[in-house]
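# Coordinate inspection notes
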Amino acid sequence: MKGFQVSVSSYNPADPGDLVIEVEAAGGAGTTAAVERARAAQAGWLALGAGGRSAALGRAADAVESHADELATLIVREVGKPHAEARGEVARTVAIWRYYAQAPYAASGAVHEPAAGPGLLLTRRRPYGVAGLITPWNFPLAIPTWKAAPALAVGNTVVLKPAPEGTACALRLAELAGLPEGVLTVLPGGGEEGAALVAAADVVSFTGSTAVGRAVVAATTERGIPVQAEMGGLNAAIVLPDADIAQAAAHLAAAIAGYAGQKCTATSRVIAVGDAYEPLAAALAKALAAIAEPTALTEVCGPVINEPALDRLTEAVDTAVAAGATALAGGNRIERDGWFLEPTLLEEVPAGHPLRTEEFFGPVAVLLRAADLDEAIAVANDTRHSLSTSVHTRDLDTALAAADRLDAGMVRVNAPSSGVDFHVPFSGAKGAGHGPREQGQAVLDFYTAERTVTLLPAGSPR
Ligand code: NAD
């Protein structure tokens with residue numbers, strides 16, 4: 001229907017009557033046109049050279065930093081993140097822009113000797129053109145930045161399709177970044193715009209759910225273009241009897257209930273080894289109950305993103321309890337404005353229940369028993385996707401054995417499973433990640449294609 005426009009809107013999860021933004025969706029044709037504008041802008045962006053791109057990325061960092069309060073408030077309002085975590089995300093966003101502002105000066109290749117005779121063999125990495133970035137809502141500034149900044153640093157232009165729930169954050173980020181026309185475009189929209197971007201971009205980086213990530217990988221593979229996809233996970237924590245149980249409980253409570261468990265690195269399965277079970281169950285239940293208190297609920301946990309998410313979580317908890325599980329903490333929706341669920345710990349959840357096999361993305365964890373470290377590692381590895389596993393022990397040999405044998409993109413010893421360092425490679429194990437790693441220096445290779453250049457003296461017989 002000519003003239004018909006679909007709109008994208010996002011609402012405050014702590015106050016669902018608060019409409020944060022409503023804008024027109026880009027549409028499929030609008031997405032394709034944005035990619036063409038980005039393609040037209042790419043040569044000029046590359047031609048700025050290392051100095052020009054570095055300076056532009058540095059200015060983006062400064063602009064984000066000087067609007068830190070405004071951005072933190074917007075994150076809290078749009079995606080319900082507790083304020084301290086929102087401030088942390090803004091600070092990390094600034095650090096990521098600064099880190100990749102140095103990347104244009106990194107070596108872009110190497111020099112080799114020819115196999116025979118004089119001359120030079122060079123390898124050189126060059127940008128693909130337009131990077132199509134598709135992001136979720138849970139880190140509405142940091143994830144767009146950790147994809148866009150490296151893609152831009154090496155000379156691509158960027159078209160970013162944020163999750164509808166994080167639209168206002170993404171638009172404000174691009175506005176503050178202040179890059180030249182066509183260099184960083186944000187496209188409001190949903191699945192239609194995401195699919196159109198995948199169909200038109202030259203390189204694609206996706207973060208989001210497993211189902212959508214697999215479709216993105218299939219479509220990009222069909223087109224023969226590079227893709228990386230970071231998807232859902234089911235993260236475990238292993239607690240040994242020799243652990244500092246009080247510290248482990250505090251770390252686990254943060255990893256289960258911090259930002260309502262809506263981090264790809266949140267803990268959803270706690271595996272207590274041997275005698276650790278009883279004291280850990282008691283300490284963790286107490287720590288989670290404390291987060292359900294009104295002040296901590298707002299300052300540590302926060303709401304889940306929307307009503308369907310809350311319904312999915314409460315149904316999962318209810319069916320687990322009906323099947324014989326016991327709630328050691330929480331288990332109920334909180335009667336107040338917004339989409340709040342009590343931080344929840346369940347024991348005796350039957351094998352095969354979805355809470356033991358699927359990602360629910362909420363403040364809910366199951367407590368499992370293991371007789372020894374071998375069994376704990378087997379239980380932790382018994383998943384089709386895992387991003388981060390934490391291990392809690394005072395014994396270095398145990399920590400080393402776990403680090404060797406756990407299937408996880410990140411193994412964190414005596415630390416919560418949640419927590420990401422942007423200057424080291426980041427991705428999941430098994431179905432949680434596809435393609436090259438994100439972040440750190442590794443990702444600069446992902447956003448560039450390597451070519452080999454042979455230089456021989458003029459008149460060379462070869
Ligand atoms: P989602 O999969 O629903 O959406 C992610 C993005 O994909 C959004 O921008 C969405 O509009 C877009 N999209 C939807 N359909 C599409 C299609 N057919 N083609 C292309 N794009 C499409 O995920 P979400 O609810 O926004 O985020 C939560 C999920 O993200 C969780 O599963 C979480 O584990 C995951 N996540 C993973 C990581 C990680 O690094 N592994 C980090 C953060 C979040």
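The following paragraphs examine the structure supplied in this document. (Residues numbered from 1 in each chain as written. Predicted model: local features only at pLDDT ≥ 70, side-chain atom pairs only at ≥ 80, totals over all residues. Heavy atoms only, no water.)

## A closer look at the site of the ligand
Around the ligand, the structure places 28 residues, and the nearest of them are Thr 135, Lys 161, Ser 209, Met 231 and Glu 359. In this structure, an oxygen atom belonging to the ligand sits 3.0 Å away from a side-chain N or O atom of Trp 137. Within the backbone of Gly 208, an N or O atom sits 3.4 Å from an oxygen atom of the ligand. Relative to its unbound accessible area of 860 Å², the ligand is 85% covered by the protein chains. Of all the elements in the fold, those that place two or more residues in the shell around the ligand are helix 7 (191-200), strand 8 (203-207) and helix 8 (210-223). Looking at the shell around the ligand, the element that brings in the most residues is helix 7, giving 3 residues. Residues of the shell around the ligand, tallied by class, amount to 16 nonpolar, 9 polar and 3 charged. (Near = heavy atom within 4 Å. Polar contact = N/O pair within 3.5 Å; in protein donor to acceptor, adjacent residues only side chain to side chain. Areas by Shrake-Rupley, 256 points an atom, 1.4 Å probe, with all protein chains shown as cover. Helix = DSSP H or I, 4+ residues; strand = E, 2+ residues; numbered from the N terminus. Nonpolar A, V, L, I, M, F, W, Y, C, P; charged D, E, K, R; others polar.)

## Examining the side chain of Asp 18
With respect to the helices and strands, Asp 18 occurs in strand 2 (residues 15-24). The exposure class of Asp 18 is buried, given its relative accessible area of 18%. Residue contacts for Asp 18: discarding those within four places in its chain leaves Ser 10, Tyr 11, Asn 12 and Arg 77. (Buried < 20%, exposed > 50% of the residue type's maximum accessible area, 1.4 Å probe, protein only. Contact = heavy atoms within 4.5 Å.)

## Points about the side chain of Arg 172
Looking at the secondary structure, you find Arg 172 in helix 6 (residues 167-177). Classification of Arg 172 by relative accessible area gives buried; the value is 19%. At 2.7 Å, the side chain of Arg 172 and the side chain of Glu 175 are in polar contact. Residues within four places of Arg 172 in sequence aside, it is in contact with His 67, Glu 70, Leu 71 and Leu 74.

## Details of unusual backbone geometry
A positive phi angle is found at Ala 260, which is not glycine, with a value near 55°. Within the secondary structure, Ala 260 sits in the loop between helix 9 (245-257) and strand 11 (267-273). Non-glycine residue Asn 414 carries a positive phi angle of around 55°. You can see Asn 414 is positioned in the loop between strand 17 (410-413) and strand 18 (429-430).

## A look at the pattern of salt bridges
For the structure on display, the rule yields 17 salt bridges. Between Arg 125 and Asp 445 there is a salt bridge; the shortest N-O distance is 3.5 Å. Of this pair, Arg 125 sits in strand 4 (residues 120-127) while Asp 445 is found in helix 16 (residues 442-446), placing the two residues 320 residues apart along the sequence. Across the salt bridge formed by Asp 374 and Arg 405, the nearest N and O atoms sit 2.9 Å from each other. Remark: Arg 405 occurs in helix 15 (residues 396-405) and Asp 374 occurs in helix 14 (residues 373-381); sequence separation between them is 31 residues. (Salt bridge = Lys/Arg side-chain N within 4 Å of Asp/Glu carboxyl O.)

## Let's talk about the pairing of strand 8
Within strand 8, 5 of the 5 residues are buried, which leaves it mostly tucked inside the rest of the structure. Of the two faces of strand 8, the one holding Val 203, Ser 205 and Thr 207 and the one holding Val 204 and Phe 206 are both buried throughout. Where strand 8 and strand 9 (residues 227-230) come together, 4 bridges link them in parallel fashion. Bridge pairing links Ser 205 to Gln 228 in strand 9. Note that the unit made of strand 8, helix 8 and strand 9 has a crossover that is right-handed. (Pairing = 2+ DSSP bridges. Right-handed = clockwise from strand over helix to strand, strands pointing away.)

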